[in-house]
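Chain and residue survey
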Amino acid sequence: MSKEDAFAYGIAGAITWLAVTAFYGAFGAGILESSFLAYAANAALATAALGVAFCITARLRRTPRGRRAFPALVFFAPGLIGGMIAMLNLQTLFPHASQGRYGAFLLVAYAAVAVLSMERPGRRV
């Protein structure tokens, strides 16, 4: 992976994490945490957003499917670091959101992107 690829994945990961966290901050306490079904639906949407952002970045950078594990780590890094900082300061940033639900929100999303980055077995003839 080139430096340009790493930069592209890092920026895409940071922008996507920022968008997902801003969404959670804006609607977390009122809508997302009001019921489990609303929380699960929005966690699925956030997971889809992260997955789509990763796949679009992989296609734009022309990264082959078998070589997406390291780019996924670079994509995760800004979100994991930012997520840890946000969780440590969650009551200041989002006073009505819970740490556990925000952490699970991010964990599910990044686990899905990790699955997307794994190599798929080829067809046997």
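Residue positions within a chain follow its written sequence, with the count starting from 1. The predicted nature of this model means local features are confined to residues of pLDDT at least 70 and side-chain atom pairs, given and counted, to a pLDDT of 80 or more, with totals for whole chains, interfaces and linings taken over all residues. As a rule here, side-chain values cover all heavy atoms of the structure and leave hydrogens and water aside.

1. Brief notes about the environment of methionine 1
Within the secondary structure, methionine 1 is located in the segment before helix H1 (3-32). Dropping the residues within four chain positions of it, methionine 1 is found in contact with Ala6, Tyr9, Phe70, Pro71 and Val74. Secondary structure is summarised from DSSP: a helix means a run of H or I of at least four residues, a strand means a run of E of at least two, and numbering begins at the N terminus for each. When checking whether two residues touch, look at their non-hydrogen atoms; a contact exists if any pair is within 4.5 Å.

2. Let's talk about the pattern of salt bridges
We count a salt bridge whenever a side-chain nitrogen from Lys or Arg sits within 4 Å of a carboxyl oxygen from Asp or Glu. For the coordinates displayed, the defined rule picks out one salt bridge. Between arginine 61 and aspartate 5 there is a salt bridge; the shortest N-O distance is 2.6 Å. Of this pair, arginine 61 sits in the loop between helix H2 (36-60) and helix H3 (69-88) while aspartate 5 sits in helix H1; the two residues are 56 residues apart in sequence, bridging distant segments of the chain. A residue is classified by how much of its surface remains accessible, and arginine 61, at 33% relative accessible area, is partly exposed. Residue aspartate 5 is classed as buried on the basis of its relative accessible area of 14%. For every residue, the accessible area (1.4 Å probe, protein chains only) is compared with the maximum for its type, and the residue is labelled buried under 20%, exposed over 50%, or partly exposed between those bounds.

These figures capture arrangement, not role.
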